[in-house]
Structure formats: C-alpha cells, structure tokens
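Chain by chain, the residues:
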Amino acid sequence: MKYKYKGSIIYVLENYDEISIKAAQLLAAQVNLKPNCVLGLATGSTPEGMYKKLIRKYEQNEVDFSEVTTFNLDEYYPIDPKNTQSYAYYMKEKFFSKINIQQSQTFIPDGQAEDVDKMCENYDLMINKYGGIDFQVLGIGNNGHIGFNEPNIRFESGTHLVELDNETIEANSRFFDNKKDVPILAISMGVRNIMHSKKIILLASGEHKAEAVEKMLFGDITPNLPASILQLHNDVTIILDNAAAKLIVPRL
Ligand code: F6R
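Just so you know, these numbers come straight off a predicted model, no measurement behind them.

Asker: Is there a simple way to explain the site of the ligand in this structure?
Answerer: Neighbouring the ligand are 16 residues; Thr43, Thr46, Asp74, His145 and Lys209 lie closest to it. At 2.7 Å, a side-chain N or O of His145 approaches an oxygen atom of the ligand. The contact in question runs from an oxygen atom of the ligand to an N or O atom on the backbone of Phe148, over 3.5 Å. Coverage of the ligand by the protein chains reaches 95% of its 410 Å² of free accessible surface. Its residues assigned to classes, the shell around the ligand shows five nonpolar, eight polar and three charged.

Asker: Whenever I open this one, the pairing of strand β7 (residues 135–138) confuses me. Can you help?
Answerer: On any regular strand, side chains alternate: one points to one face of the sheet, the next to the other face. Side chains Phe135 and Val137 of β7 all project onto a buried face; the interleaved residues Gln136 and Leu138 project onto the opposite face, where all are buried too. In the sheet, strand β3 (residues 38–41) pairs with β7 via two bridges, with the strands oriented parallel. By the bridge assignment, Gly40 is partnered in β7 with Gln136. Pairing of β7 with strand β10 (residues 199–204) involves four bridges; the strand directions are parallel. Directly across from Phe135, in β10, lies its bridge partner Lys199.

Asker: Explanation requested: helix α2 (residues 48–59) in the structure shown.
Answerer: An α-helical turn contains 3.6 residues, so any two residues separated by three or four positions project in the same direction. Taking 1.5 Å of rise per residue, twelve residues should cover 16 Å, and α2 covers 17 Å from first to last C-alpha, within 8% of that figure. Restricting attention to buried positions, one finds in α2 the residues Gly49, Met50, Tyr51, Leu54, Ile55 and Lys57. Packing partners of the buried residues in α2 comprise α1 (16–33), β3, α3 (87–94), β7 and β10. Looking one or two residues beyond α2, the residue adopting positive phi is Asn61, at roughly 60°.

Asker: Explain the side chain of Thr69 here, please?
Answerer: As for its position among the elements, Thr69 is in strand β4 (residues 69–72). Judged by its relative accessible area of 3%, Thr69 is buried. In this structure Thr69 touches Cys37, Val38, Leu39, Gln105, Phe107 and Tyr130, once residues within four positions along its chain are discounted.

Asker: In this structure, what is going on with the pairing of strand β5 (residues 74–77)? I would like to understand it.
Answerer: Every second residue of β5 is oriented toward a common face, with Asp74 and Tyr76 on one face and Glu75 and Tyr77 on the other, all of them buried. When β5 meets strand β9 (residues 185–188), the two strands line up antiparallel, connected through four bridges. By the bridge assignment, Asp74 is partnered in β9 with Ser188.

Asker: Is there a simple way to explain the sheet that holds strand β2 (residues 8–13) in this structure?
Answerer: Think of a sheet as strands paired side by side through backbone hydrogen bonds, with each pair either parallel or antiparallel. Read from one edge of the open sheet, eight strands run β1-β2-β11-β10-β7-β3-β4-β6, paired in mixed fashion. Each edge of the open sheet carries a strand with a single partner, namely β1 (2–5) and β6 (106–107). By the bridge criterion, four bridges tie β3 to β4 in an arrangement that is parallel. Considered in β4, the bridge of Val38 is made with Thr69.

Asker: How do you make sense of the side chain of Ser173 when you look at a structure like this?
Answerer: Looking at where Ser173 falls in the secondary structure, it is placed in the loop between α5 (166–172) and β9. Judged by relative accessible area, Ser173 falls into the buried class, the value being 16%. With sequence-adjacent residues up to four places away left out, Ser173 is seen in contact with Lys179 and Val182.

Asker: Is there a simple way to think about the environment of Asn152 in this case?
Answerer: When you line up the elements, Asn152 lands in the loop between β7 and β8 (160–163). Filtering out sequence-adjacent residues up to four positions away, Asn152 remains in contact with Pro223 and Asn224.

Asker: I keep staring at unusual backbone geometry and nothing clicks. Help me out?
Answerer: Note on backbone geometry: most residues besides glycine have negative phi, and most peptide bonds are trans. Cis geometry is adopted by the peptide bond preceding Pro78, which originates at Tyr77 and carries an omega value of -10°. Residue position: Pro78 is located in the loop between β5 and α3. Backbone geometry at Phe148 places phi at a positive 60°, although glycine is not the residue there. Inspection of the secondary structure assignment puts Phe148 in the loop between β7 and β8.

What counts, and where the lines are drawn
- Here, residues in each chain are numbered from 1, in the same order as that chain's written sequence.
- This being a predicted model, a pLDDT of at least 70 is required before a residue's local features are given, and a value of 80 or more before pairs of side-chain atoms are given or counted; all residues contribute to the totals for chains, interfaces and linings.
- Working from all heavy atoms in the structure, the side-chain values ignore hydrogens and water.
- Any residue with a heavy atom positioned within 4 Å of a molecule or strand is treated as near that molecule or strand.
- Nitrogen and oxygen atoms within 3.5 Å of one another constitute a polar contact, given that in protein one can donate a hydrogen and the other can accept it, and given that sequence-neighbouring residues count only through two side-chain atoms.
- Each accessible area is a Shrake-Rupley result for a 1.4 Å probe, and residues are judged covered by the shown protein chains and nothing else.
- In the scheme used here, Gly and all other residues not listed as nonpolar or charged are polar, with Ala, Val, Leu, Ile, Met, Phe, Trp, Tyr, Cys and Pro taken as nonpolar and Asp, Glu, Lys and Arg as charged.
- Under the scheme applied here, a residue whose accessible area is under 20% of the maximum for its type counts as buried, over 50% as exposed, and between as partly exposed, the area being computed with a 1.4 Å probe on protein chains only.
- Secondary structure elements are taken from DSSP: a helix is a run of H or I of four residues or more, a strand is a run of E of two residues or more, and numbering for both begins at the N terminus.
- Two strands pair under a simple rule: DSSP has to find at least two bridges between them.
- Given the number of residues in a helix, its expected span is that number minus one, multiplied by 1.5 Å.
- Here, two residues are considered to be in contact whenever any of their heavy atoms come within 4.5 Å of each other.

Purely spatial values, then, with no claim about function.
Spelled out as structure tokens, the structure:
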C-alpha cells in the first residue's frame, strides 16, 4: 500500500523482504539516474536485506557503483575498523567488497581518530566538497534516534561525538557477547547533514519500531524524538512492514 502524508510517501508492505526490495529499487534508481551520486548509508539490521538485494542487482548488471561516493551515518568510538563490530567492517563485509565501488570513494567516520573534533570537521568538509548527500538511507532506533542522534540532541549539529542512550546500548547488545562490550560513544554525521540530504528513505521493520514510527510522523517535532525532524524535510520516503506501521495505518 502506498500513502501520501504531508510531504512524505509511505509504503506499508507485507514483510521485511518486501521493504528490502523496495529500498533497493529506489537506491538503484537513484544510481542509474545519477551515476556519480553521493549516497548516505546506514548500518544495523534493517538495511541488511537492502544491501543483499543491491548486490544481486549489481551481479545482474542492473546497477553500476563505479562512480558512486558514499558517506556512512555513524561509527562507534573508539573502535578499530578491523573489529567485526565496527561499522567499517560491516560495510566492507556486507556491501562494499561485493560491488564495484571504489574503496577510496567510501567514507566512514574514523573510529580511531585521535583528534575527534578535527576528524568531525573534515567529515563535514568532505560531504560539502562532494556537493552534499543526494540520497540518504536511514533506520530508526526504538527511541526514535536516527544515525545515532539520540534523544535531546541538537538538530543543528553536524558530525560530532555522541553518547549512546541506554536503550540503544541495550538494543545493540544483541550484536555483542556481553552488554559491557557495547561502546558507549559513537560519531554521528549529525541531524544537520541528514536534513541537508536531497532525498531521504527511512526503513523500519517489526513491532518494536511501531511506537517510534508513530511519534516520528504524528508527534511534535522535538529533540526528544530526533526522527520527528523529518516532518520538516520535503522529500522523505518511509518504507515500513505491517508490524512497524501498525499504529499509523489507522490514521493515514
Ligand atoms: C546505524 C544507525 C542507527 C540504526 C538504528 C536502528 O547506522 O544509523 O540509527 O539505524 O539504531 O538499528 P536496527 O536497524 O539494527 O534496528
């Protein structure tokens, strides 16, 4: 089902596979329309299916990433890129090593930077140098965070060091042997860079995301629920499965 709500297009699809297919179609269309585009990419469980579908499209010659540049939303801090929990490792393993993107065109905040402020400043400069992000992929945290911009962030921040919320540490502990191993800090490109993207797609799957999705769309625009700022963006496509859309469908 496809809905229009204020400035957003909302797809409510049957299941996770369907949202992965839809997201991959939109991203591939973006690359085909503008082969040298700049993509903003997310990690976490939600976009994994999308990356798999995109690899398949690449293998079938339906999309060519050779001229694409990417900027990832976030990275844990501090973390070695060789650590299997790092987002640098995730991107390499799950996507970049399986497509024809040039490694030098893939940017991820440096989880080992000694001078974090300088690194953050450079990350912002690089995004600007490439003309900003054309197409940003987002997931959403159970607490409404986007790109690790946790409740009570400043909407105007660019790339910066963030303290992860307890709820996020709890949610992400599923990837670690022990909750104590989950980093408590991360580097995020900030809401400002996200909001300056020309187009945004946000994916959510599962009932545990339903409340955050409902507040994002129908709640007040407030730093308490960072994703609510997307109500002010004029090109957002939200791709949900039935479970994540459970609380909003009756209101669309
Ligand atoms: C990851 C990121 C996070 C996730 C969010 C949801 O790059 O930006 O904001 O999108 O934590 O994570 P999953 O998809 O694992 O539920």
